[in-house]
Amino acid sequence: MSTPRDERKPVTDEPVSLRVIGTRPPLYGAVDKVLGRAVFGADVSLPELLHGKVLRSPHAHARILSVDTRRAEGYPGVHAVVTARDLPEGAGEQSERDNTLAGDKVLYVGHPIAAIAAESPHIAEEALALIDVQYEVLPPVLDVRRAMQADAPLLHETLRTWSLAGQAASSSNVAEHLQHVKGDPERGFAEADVIVERSFTTTMVHQGYIEPHASTALWHPDGSLTVWTCTQGAFPVREHLSSLLDLPMARIRVVPTEIGGGFGGKASSYVDVVAALLARKAGRPVKVVMGRDEVLKATGPTPGTFIRVRMGARRDGRIVAAEAELCYEAGAYPGSSVGSGADTIFACYDIPNARVDGYDVVVNKPKTSSYRAPGATPAVFAVEQVVDELAERLCIDSLDFRLLNCAREGTRRVSGQPYPRVGFVEVLQAAKAHPHYSEPLGGPNRGRGIAFGYWGNWAGQSCCTISVNADGTVSLLTGSVDVSGALTGIAMQAAEELGLELRQVQARVADTASIGYTDVSAGSRTTFGTGLAAIEAARDVIAQMRARAARLWGVPVETVSYDRVAFTTSVDPTQRLSFRELAAQLSATGGPVMGRGNLDGDVLRRGGAPGLHIADVELDPETGKVTVLRYTAVQDVGRAVHPGNVEGQIKGGVAQGIGWALYEGCFYGEDGQLLNATLLDNKLPTAMDIPAVEPVIVEVPDPVHPYGVRGAGETPIVPVAGAIANALYRITGRRMERLPMTPAYVLERMGVI
Amino acid sequence: MKPFQYRAPTLLGEALSLLASAGQRARALAGGTDLLVQMRRGLINADLIVDVKKVFELNRLDFDPSDGLTIGAAVPLCRICESPEVAQHYPGLVDALSIIGSVAVRSRATVGGNLCNAAPSADSIPALIVHGAVCTVASREGTRQVPVARFCTGPGQTVLGPGELLVSVRVPPPRPRSGARYLRFTPRYEMDIAVVGVAAWLELSEGLTTIANARIALGAVAPTPLLAVEAGASLVGRTPSAAAFAEAAALAQSIGAPISDVRGTAAQRRHLVGILTRRALEGALQRARGAEPDGRQG
Ligand SMILES: Cc1cc2nc3c(=O)[nH]c(=O)nc-3n(C[C@H](O)[C@H](O)[C@H](O)COP(=O)(O)OP(=O)(O)OC[C@H]3O[C@@H](n4cnc5c(N)ncnc54)[C@H](O)[C@@H]3O)c2cc1C
């Protein structure tokens, strides 16, 4: 199969001539998915399989006085009932134990309390009603600012705030107060000719993956455990099982199934331990599949936030000072994404004086999980409206204002590190040159907005092996779950190194018994970090094969080279073997060749990917309905290994961003009930609500990667809400200080209702 | 979901006997796009499910210029929307039926199910009301006629007693110089539920200069879809004009008891009734004059 090279001219020059990278082959497994042959979490089936269901708290905040499971245990068809008492004593972190099966308290509606394994899911469900739980209901606290007040109800009596000053003496819902300071913010504001300050609130949003969490556990007679689960990372699930079940890691095999979306939400484990506990007690394999309402009530939303931003600029257009306060809802247990929100909020700009305060705050809602560029979207929604307002007040074109102030190589971020080479300027210039930025809007009640966002790459740890087959094909294994088509991009990098065509490389995702530790597929790391491991494995293969050629030819190995076409030796120009010819000789020259790549990508200096988005929206001023008419997303991706897949990531991120901007949110009643626990009322946009998104790929190679690859998957969601808000401002003259910007909110801001 | 009996009779009498035999514990099943969802969520428990899709009387879709349109209760919406006669004579009805759910939902969902599910936001009901549609209801005891405007009695509640089945809905023949329009407001383009729905029907006098007859019906502003009697009456005898439509819209806004919930606020709903009433009247007027309004849904 030969696929055409990408036709479009990249923004930077081609450094080397590439044969595989930059082409658009079909993704591994895509046809299986289209034909319904891919095996997802809920598709796993085993002989003697039982079905598990979870009893969940109806209260947002309550003390558990007693749990009586006796009637459920006696119900015909029930094989096992488990509660927190079935977790091995002292195993694992308390918050992880409690979020798996509640101990003394329930902290959100949907908090798991007990689980039942039965002959059918229906029997298990019926038996749930027979579990008698006595509660002492407590007042819930649902809003981040309320939770920060001194007299707010406390979720955890022992939680005390960590800050730079150490740990506070008294209990609080604030788990952490973090702070970054650069320069002298007070002096900076004193220098400013224009200062803009605004506050913003955003609601929790669910990642909205379509496949519910599903896990199947099977205990073997030797006491080892196999778990099939849909996850973004089989190894983190293994670690989680090992710690909560007090079981050696080697005795657990986690098999990742195909995954029907995750977006960060499947970086957390919810039902794996429950399935394992039920299976152990029942003595039979157990599958637990969550329902949609369980997913929406009890799994990973992204934090709701309160964000205050203040920025000052001089008349000459330079931003001289900035200040932000980010208060993030962690949900029931500490650990919101406020850290990366604080890291990202001013990331696009070179600001001499700045201060960022971040607060990680627990509230009576589910424990939050990562969501595509965790913490960044609300922060950028806030800061990009303030930047837009500064530009307007200074009468400078919004894009020019960003060009004037954007970060460059060497700019030190407010949070510390100086930037390596990143294409901030190139992205802004490409946006400015794009016809979308200057073409007329073409109708009334329309507005155009832009926003600038950045997301850093995490490289993480990855393993990859490549085995050479006698026919010259290779089998590649990685521990990275294929959430985004990244497996194909990883294999393309190996193929490039090996001088093979992609069809000669078969890549597969390995289970945890078959490869070394690999981090979750998340953080824009997979094509970058696991790609590096694949390159390392490929280079290892080539090194070993050079040695085999040397042995065959009786020449020193240093004289043998491989130019991705043939192995040759400088000693004897008549000797020449292709990869395939040499592969056929391996058996006779010492046996199989297997290359390995195992690395910690974070020892490399970190880059990231900036994106500038341009949104045209139309407002129905009578109903408040907003339609996105045209959307262009310009992004530095380093190098697009598979341009089609990169474009898919950009389009998907923008679609999710539009959902977050206009439709989606987790809405809670005063008692902490989730009011929209269905996809009817948790309004993910449909294809009809999303315009044709035009991705514009800018390639400023990341110097730490042999092919210049940057992580590209998360940046595309970051600027969307900000760009739409800025477009709405052009129509309404009002700044949008809330997400989602629902029709009712827009009408309220306009003073219509 | 609890176990239940499933029967799929082909004769109306058989269906009625089955329903009578199980009383309150029996449920008719048409497309199942409401029923199955509600059973899964434990909101409905039934011992006997009577699938009515194979019953002849419930599958009729007949148009007769003097008799009007008869829609069997189990006819899937897509079949109705694809009918050239329905499109020609009842475009205001197509407005409503063609936006329910998605293509997949409409290939199963029925007008009978939409009526019997009796959601305050059900899209077909305001449109059927302004067309003056009448339900035919049968039980082992016999048959009765109930105007659609009186069919729903509360959220999920209808006039149907135990053992009664909705057989069909009859829409009167189209009147010359009349036109109808249904509009709803939803945040999403499709797969969404009306925050407010408004249907309007107008009949013009012979010279096309005044309004001879008008009906307006509202969805999602009260426990049942409402016929806005005064709003409609205010238009009779008047020249169609912005002022007349604004007055009718204001009267429509004054009825009902919109609530605030996760789908919208009371103030937003009242506001939308005004906007959509005006727009629906404008669309109905265009149709009464033989023109086709723009493609907007809300
Ligand atoms: C994804 C999705 C989107 C939707 N979008 C919309 C929308 O945009 N607008 C809208 O109005 N609705 C919408 N609905 C709701 C639903 O599709 C409609 O109400 C539909 O018309 C119901 O028809 P059905 O044939 O599926 O009814 P069923 O589910 O079969 O039945 C509904 C109820 O009516 C009873 N019933 C059915 N037929 C009879 C009969 N002949 N006599 C007596 N009782 C009967 C059943 O017992 C049940 O209680 C949506 C549903 C889904 C799942």
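Please read all numbers here as calculations on a predicted model, not as lab measurements.

1. Thoughts on the overall build of chain A
What chain A contains, in helices and strands, is 20 helices and 31 strands. Radius of gyration (C-alpha) of chain A: 27 Å, near the 27 Å computed for a compact globule of 753 residues. Expressed along its principal axes, the backbone C-alpha trace of chain A runs to roughly 85 × 75 × 50 Å. Buried residues in chain A amount to 61% of all 753 residues. Across chain A, contacts joining residues at least 24 apart in sequence account for 78% of those joining residues at least 6 apart. Accessible surface, chain A: about 26,900 Å² in total, of which carbon and sulfur atoms supply 51%. Taking the average place of the 73 positive charges on the side chains of chain A and the average place of its 86 negative ones, the gap between the two points comes to 2 Å.

2. Focus on the overall build of chain B
Per the secondary structure count, chain B includes 11 helices and 14 strands. For 298 residues, the compact-globule estimate of 2.2 N^0.38 gives 19 Å, and the C-alpha radius of gyration of chain B, at 19 Å, lies within 12% of that figure. Projected onto the principal axes, the alpha-carbon positions of chain B cover approximately 55 × 45 × 30 Å. Here chain B holds 298 residues, and the buried ones make up 53% of them. Accessible area for chain B stands at about 12,200 Å²; split by element, carbon and sulfur atoms hold 53% of it. Across chain B, the 31 positively charged side chains and the 24 negatively charged ones have centroids separated by 5 Å.

3. Considering the sheet that holds strand 20 (residues 446-456) of chain A
All names here are of chain A. Spatial ordering of the open sheet is given by 20-28-29-30, a layout of four strands whose pairing is mixed. Taken across any chain shown, the strands that pair with only one partner, and hence form the sheet edges, are strand 20 and strand 30 (693-698). Sheet twist, expressed as the average angle between the axes of neighbouring strands with direction ignored, equals 15°. Docked against the sheet, helix 12 (residues 398-405) engages strand 20 and strand 28 (608-619), running at close to 20° with respect to strand 20. Of the strands in this sheet, strand 28, strand 29 (626-636) and strand 30 are in contact with helix 18 (residues 643-662), which crosses strand 30 at around 130°.

4. Notes on the sheet that holds strand 13 (residues 211-219) of chain B
Residues and elements named next belong to chain B. Across the sheet, four strands lie side by side as 11-12-13-14; this open sheet has antiparallel pairing. In this open sheet, the two edge strands, each paired with only one partner strand, are strand 11 (178-185) and strand 14 (226-227). Note that strand 12 (residues 196-204) and strand 13 share eight bridges and pair antiparallel. Counterpart to Ala199 in the pairing with strand 13 is Ala217. Its contacts with the sheet put helix 11 (residues 266-288) on strand 11, strand 12 and strand 13, and the angle it makes with strand 11 is roughly 150°.

5. Here's the deal with the interface of chain B and chain A
With 24 residues of chain B at the interface, the matching set in chain A holds 28 residues. Together, the buried faces of chain B and chain A total about 2,200 Å²; carbon and sulfur atoms form 59% of this surface. Contact with chain A buries surface across chain B, with Pro187, Arg188 and Val262 of chain B losing the most and accounting together for 29% of the total. Seen at the junction of chain B and chain A, the total is five salt bridges. Across the pair Asp681 of chain A and Arg263 of chain B runs a salt bridge, and its minimum N-O distance is 2.8 Å. Inspection of the region where chain B meets chain A yields 13 residue pairs in polar contact (both at pLDDT 80 or more). Residue contributions to the side of chain B that touches chain A peak at seven residues, all from helix 11 of chain B. Class assignment of the residues belonging to the side of chain B that touches chain A gives a composition of 11 nonpolar, four polar and nine charged.

6. Examining the side chain of Ser480 of chain A
All names here are of chain A. Examined against the element boundaries, Ser480 turns out to sit in the loop between strand 22 (474-478) and helix 15 (486-498). With a relative accessible area of 1%, Ser480 lands in the buried category. Here the side chain of Ser480 touches Thr530 through a polar contact of 2.7 Å, side chain to side chain. Here Ser480 is in contact with Ile490, Val509, Thr518, Ser521, Arg525, Thr526 and Thr530, once residues within four sequence places are set aside.

7. What about the side chain of Asn173 of chain A?
Residues and elements named next belong to chain A. Position of Asn173 relative to the elements: it lies in the loop between strand 8 (166-171) and strand 9 (174-182). Judged by relative accessible area, which is 2%, Asn173 ranks as buried. A polar contact is formed between the side chain of Asn173 and the backbone oxygen of Ala147, at a distance of 3.2 Å. The residues touching Asn173, leaving out its near neighbours within four places in the chain, are Val141, Ala147, Ala152, Pro153, Leu154, Leu155, Leu159, Asp360, Val361 and Val362.

8. Some remarks on the domain arrangement of chain A
All names here are of chain A. For chain A, the assigned domains read domain 1 (1-38 + 424-453 + 607-753) and domain 2 (461-603). Centre-to-centre separation of domain 1 and domain 2, based on C-alpha positions: 35 Å. If you look at the interface, domain 1 gives 26 residues, while domain 2 gives 29 residues. Taken over both partners, the interface formed by domain 1 and domain 2 buries close to 2,100 Å², and the fraction arising from carbon and sulfur atoms is 58%. The interface formed by domain 1 and domain 2 includes zero salt bridges. For the interface between domain 1 and domain 2, the tally reads 12 residue pairs in polar contact (both at pLDDT 80 or more). For the side of domain 1 that touches domain 2, the class distribution of residues is 14 nonpolar, eight polar and four charged.

9. Topic: the confidence of the model for chain B
Mean pLDDT over chain B stands at 97; residues scoring 70 or higher make up 100%. On the interface metric, ipTM, the complex scores 0.95, and its pTM is 0.96.

10. A closer look at the site of the ligand
Residues and elements named next belong to chain B. The immediate surroundings of the ligand are formed by 29 residues, with Ala28, Thr33, Asp34, Thr110 and Asp123 found nearest. Note that an oxygen atom of the ligand is positioned 2.5 Å from one of the backbone N or O atoms of Ala28. Asp123 is positioned with one of its side-chain polar atoms (N or O) 2.6 Å from a nitrogen atom of the ligand. Against a free-state accessible area of 970 Å², the protein chains account for coverage of 91% of the ligand. Mapped by element, the contributors of at least two residues to the shell around the ligand are strand 2 (26-29), helix 7 (111-117) and strand 10 (165-171). In terms of residue class, the shell around the ligand is built from 16 nonpolar, eight polar and five charged.

11. Digging into the nonpolar core
Met311, Leu326, Ile345, Phe346, Ile724 and Met741 of chain A are the most contacted members of the largest nonpolar core, which has 98 residues in total. Ranked by the residues each element gives to this core, the list is headed by helix 11 (residues 376-393) of chain A, at 10 residues.

12. Description of the packing of helix 11 of chain A against helix 19 (residues 720-732) of chain A
All names here are of chain A. In contact at an axis separation of 8 Å, helix 11 and helix 19 are set at 40° when each is read in the N-to-C sense. When the axis of helix 11 is compared with that of helix 19, the two are oblique. Taken as a pair, helix 11 and helix 19 cross one another with a handedness that is right-handed. Within the contact between the two elements, helix 11 uses Phe381, Glu384, Gln385, Asp388 and Glu392 and helix 19 uses Ala721, Gly722, Ala725, Asn726, Tyr729 and Arg730. The residue inventory of the contact of helix 11 with helix 19, partitioned by class, reads four nonpolar, three polar and four charged.

13. Overview of the pattern of salt bridges
Here the structure, examined in full by the defined rule, presents 63 salt bridges over all chains. Close ionic contact of Asp343 of chain A with Arg413 of chain A constitutes a salt bridge, the shortest N to O distance being 3.5 Å. Pair noted here: Asp343 of chain A is in helix 10 (residues 338-344) and Arg413 of chain A is in the loop between helix 12 and helix 13 (424-433), with a separation of 70 residues, a long-range link. Salt-bridge contacts for Arg184 of chain B lead to Asp123 of chain B; the nearest nitrogen and oxygen are separated by 2.8 Å.

14. Thoughts on the state of the cysteines
Enumeration over the complete set of coordinates arrives at zero disulfides over all chains. Among the cysteines around Cys348 of chain A, which has no disulfide bond, Cys406 of chain A carries the closest sulfur, lying 8.4 Å off. Of the residues examined, Cys348 of chain A reaches a relative accessible area of 4% and is grouped as buried. We note that Cys152 of chain B lacks a disulfide partner, and the nearest cysteine sulfur, in Cys135 of chain B, lies 8.1 Å from it.

15. Observations regarding helix 11 of chain A
Residue and element names in this part refer to chain A. The end-to-end C-alpha separation of helix 11 is 25 Å, in line with the 26 Å expected for 18 residues at 1.5 Å each. Most of helix 11 is tucked away, with 16 of its 18 residues classed as buried. Just downstream of helix 11 lies Cys395, where phi reads positive at about 55°.

16. Comments concerning the environment of Asp86 of chain A
Looking at the element boundaries, Asp86 of chain A is found in the loop between strand 3 (78-83) and helix 3 (94-100). If we ignore the near neighbours within four places in the chain, the residues touching Asp86 of chain A are Val81, Leu277 and Lys281 of chain A.

Calculation rules
- Residues numbered from 1 in each chain as written.
- Chains lettered and ligands numbered in written order.
- Predicted model: local features only at pLDDT ≥ 70, side-chain atom pairs only at ≥ 80, totals over all residues.
- Heavy atoms only, no water.
- Helix = DSSP H or I, 4+ residues; strand = E, 2+ residues; numbered from the N terminus.
- Rg over C-alpha atoms; globule rule 2.2 N^0.38 Å.
- Buried < 20%, exposed > 50% of the residue type's maximum accessible area, 1.4 Å probe, protein only.
- Contact = heavy atoms within 4.5 Å.
- Areas by Shrake-Rupley, 256 points an atom, 1.4 Å probe, with all protein chains shown as cover.
- Lys, Arg positive; Asp, Glu negative; His and termini not counted.
- Charge placed at Lys NZ, Arg CZ, Asp CG, Glu CD.
- Pairing = 2+ DSSP bridges.
- Axes fitted to C-alpha atoms, helices over the stretch in contact; angles between N-to-C directions.
- Buried area = accessible area lost by both parts, 1.4 Å probe.
- Salt bridge = Lys/Arg side-chain N within 4 Å of Asp/Glu carboxyl O.
- Polar contact = N/O pair within 3.5 Å; in protein donor to acceptor, adjacent residues only side chain to side chain.
- Nonpolar A, V, L, I, M, F, W, Y, C, P; charged D, E, K, R; others polar.
- Domains from an automatic or database assignment.
- pLDDT = per-residue confidence, 0-100.
- Near = heavy atom within 4 Å.
- Core = buried A, V, L, I, M, F, W, Y, C linked by side-chain atoms within 4.5 Å.
- Parallel < 35°, antiparallel > 145°, perpendicular 65-115°, else oblique.
- Left-handed = near helix turned anticlockwise from the far one by under 90°.
- Disulfide = S-S within 2.5 Å.
- Expected span 1.5 Å × (residues − 1).

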